[in-house]
Amino acid sequence: MYRTLLVPVDGSPFSEAALPLARLLARRSGASLHIVHVHLSFTGLPVYVEGLPVIDAELHSQARIHEQAYLEGLRSRIAAEEPFPVQVALLDTTIDTAATGTVPGVLATHARQIGADLVIMS
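Structure report, in brief.

Scoring rules and cut-offs
Here, residues in each chain are numbered from 1, in the same order as that chain's written sequence. For a predicted model such as this one, the threshold for reporting local features is a pLDDT of at least 70, and the threshold for listing and counting side-chain atom pairs is 80 or more; totals across whole chains, interfaces and linings nevertheless cover every residue. Processing note: side-chain calculations cover all non-hydrogen atoms of the structure and skip hydrogens and water entirely. Strands here are runs of E lasting at least two residues and helices are runs of H or I lasting at least four, both read from the DSSP assignment and numbered beginning at the N terminus. Partly exposed describes any residue whose relative accessible area lies between the buried limit of under 20% and the exposed limit of over 50%, with all areas from a 1.4 Å probe on protein chains only and scaled to the type maximum. Here, residues are in contact when the closest pair of their heavy atoms is within 4.5 Å. With residues, only the protein chains shown are counted as cover, and all accessible areas are computed by Shrake-Rupley using a 1.4 Å probe. Here a polar contact means two N or O atoms within 3.5 Å. Within protein one must be a hydrogen donor candidate and the other an acceptor candidate, and residues neighboring in sequence count only if both atoms are side-chain atoms. Pairs of strands are assigned from DSSP output, requiring at least two bridges between the strands. Each helix should span, by expectation, one fewer than its residue count multiplied by 1.5 Å.

1. Side note on the overall build of the chain
Part 1 of the reasoning: Counting its secondary structure elements, the chain contains four helices and six strands.
Part 2 of the reasoning: Taking all 122 residues of the chain together, 34% fall into the buried category.
Part 3 of the reasoning: Long-range pairs, those at least 24 residues apart, make up 72% of the contacts in the chain with a sequence separation of at least 6.
Part 4 of the reasoning: Entry remark: accessible area of the chain is about 7200 Å², with carbon and sulfur atoms responsible for 61%.

2. Details of the side chain of Ser 32
Part 1 of the reasoning: On the secondary structure map, Ser 32 appears in strand E2 (residues 32-41).
Part 2 of the reasoning: Judged by its relative accessible area of 12%, Ser 32 falls in the buried class.
Part 3 of the reasoning: A distance of 3.3 Å separates a polar atom in the side chain of Ser 32 from a polar atom in the side chain of His 34.
Part 4 of the reasoning: Each residue touching Ser 32, except ones within four places of it in the same chain, is listed here: Arg 3, Thr 4, Leu 5 and Pro 85.

3. Some details on the environment of Leu 19
Part 1 of the reasoning: Tracing the sequence through the fold places Leu 19 in helix H2 (residues 19-29).
Part 2 of the reasoning: Those residues within four positions of Leu 19 in sequence are excluded, and the remaining contacts are Val 7, Ile 35, Leu 74 and Ile 78.

4. What about the pairing of E2?
Part 1 of the reasoning: For E2, the buried fraction is high: nine of the 10 residues fall into the buried class.
Part 2 of the reasoning: The pairing of strand E1 (residues 4-8) with E2 spans five bridges and is parallel. Along E2, the bridge assignment pairs Leu 6 with His 34.

5. What about helix H4 (residues 103-114)?
Part 1 of the reasoning: A rise of 1.5 Å per residue sets the reference length of H4, with its 12 residues, at 16 Å; its end C-alpha atoms lie 17 Å apart and thus fit the reference within 8%.
Part 2 of the reasoning: Restricting attention to buried positions, one finds in H4 the residues Gly 105, Val 106, Leu 107, His 110 and Ala 111.
Part 3 of the reasoning: At the C-terminal side of H4, Gly 115 shows a positive phi close to 70°.

This is how it looks when you write it as structure tokens:
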């Protein structure tokens, strides 16, 4: 039936509401579960407010570390309770107008790359 399930999350409880259904489907079908988060990269120079940088390379790097830790926490928690493989991926995009650089575009590309049979999201 299903071999590969993809669940995009954004760190909110609402996005994680798709996980119980994804876990049930993976358990019943023997599918692998892929949990992904799309990191929004800001291109260009640092953003300044009143002369102070509010978004710079260091803040961007810390956000990526936090997002990866979030995904690893989900993976560890689910893998400890379930018999199926759980994989996580932190995907990158930039804020622009190109369709492939948008969050849906990045998710669609990743779904094709991993051969996802089903995308489960709330």
